[in-house]
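Below are the chains, spelled out letter by letter.
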Amino acid sequence: QAQLAAAHPQPRHSTADMQREIYYAKKFAMPLARWGVAAGSIGFFLLFDDLPGIILQTNYGEPASWKDVGKFVGLIKSE
């Protein structure tokens, strides 16, 4: 019987602990989701709009795309 008890330990969390964890999960789920969407939107914008210009070191307002970066690096043949 001692071996059985060692193989199957009792859970350390009480019902109150589980309720507290559920409360905080519900409390912070939506704010964390909103912040995740905001950070993802900023990351998407920087990746597809600003990063090619940063890589090519273009002046502000000059359009630069990933196609231009490919030409600069040599992955795409320039026309």
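Everything below is about the structure printed above this text.
Visitor: Just to check I follow, could you spell out the overall build of the protein chain for this structure?
Guide: A count of helices and strands for the protein chain gives three helices and zero strands. Of the regular secondary structure in the protein chain, the N- to C-terminal order runs α-α-α. The buried share of the protein chain, reckoned over its 79 residues, is 6%. Summed over its atoms, the accessible surface of the protein chain is roughly 7,400 Å², and 63% of this surface lies on carbon and sulfur atoms.

Visitor: Sorry, what's going on with the pattern of salt bridges here?
Guide: Side chains that differ in charge, positive against negative, can pair when their charged atoms come close. For the structure on display, the rule yields one salt bridge. Between Arg20 and Asp17 there is a salt bridge, with the nearest N and O atoms lying 3.0 Å from each other. Here the residue Arg20 and the residue Asp17 both occupy positions in helix α2 (residues 15-56), the gap between them amounting to three residues, near one helical turn. According to the relative accessible area criterion, Arg20 is partly exposed, its value standing at 45%. In this structure Asp17 comes out as partly exposed when scored by relative accessible area, which is 22%.

Visitor: Is there a simple way to think about the packing of aromatic side chains in this case?
Guide: A full pass over the atoms with the stated rule returns three aromatic pairs. Look at Tyr23 and Tyr24: their rings are 5.1 Å apart centre to centre, the planes differ by 70 degrees, and that puts the pair in the edge-to-face class. Tyr24 gets classed as partly exposed once you look at its relative accessible area, which sits at 41%. Ring geometry for Tyr24 versus Phe28: centroids 6.1 Å apart, planes at 10 degrees, classification stacked. Here Tyr24 and its partner Phe28 are both found in helix α2, four residues apart, which amounts to about one turn of the helix.

Visitor: Can you help me understand a nonpolar patch on the surface in this one?
Guide: The grouping of Phe44, Leu47, Phe48, Ile55 and Trp66 at the surface amounts to a nonpolar patch, some 500 Å² of accessible area in total. Here the nonpolar patch gets four residues from one element, more than from any other, and that element is α2. Tracing the backbone through its elements, the reader meets Trp66 in helix α3 (residues 66-73). Overall, the relative accessible area of 35% leaves Trp66 in the partly exposed class.

What counts as what
Counting from 1, residues in each chain are numbered in the order their sequence is written. Note on the predicted model: pLDDT of at least 70 is required for a residue's local features to be given, and 80 or more for side-chain atom pairs to be given and counted; whole-chain, interface and lining totals, by contrast, use all residues. Processing note: side-chain calculations cover all non-hydrogen atoms of the structure and skip hydrogens and water entirely. Helical segments are the DSSP runs of H or I of at least four residues, strand segments are the runs of E of at least two, and each set is numbered from the N terminus. Exposed residues in this analysis have more than 50% of their type's maximum accessible area, buried residues have under 20%, and partly exposed residues fall in between, with area computed by a 1.4 Å probe over protein chains only. To be clear on the numbers: accessible area is Shrake-Rupley with a 1.4 Å probe, and residue cover counts the displayed protein chains and nothing else. A side-chain nitrogen of Lys or Arg and a carboxyl oxygen of Asp or Glu constitute a salt bridge if their distance falls within 4 Å. Aromatic rings from Phe, Tyr and Trp, taking only the six-membered ring of Trp, are treated as a pair when their centres fall within 6.5 Å; an angle between ring planes under 30 degrees marks them as stacked, one over 60 as edge-to-face, and anything in between as tilted. Residues enter patches when their relative accessible area tops 30% and they take part in no salt bridge; the joining distance is 9 Å for like charges and 5 Å for the nonpolar side chains Val, Leu, Ile, Met, Phe, Trp and Tyr.

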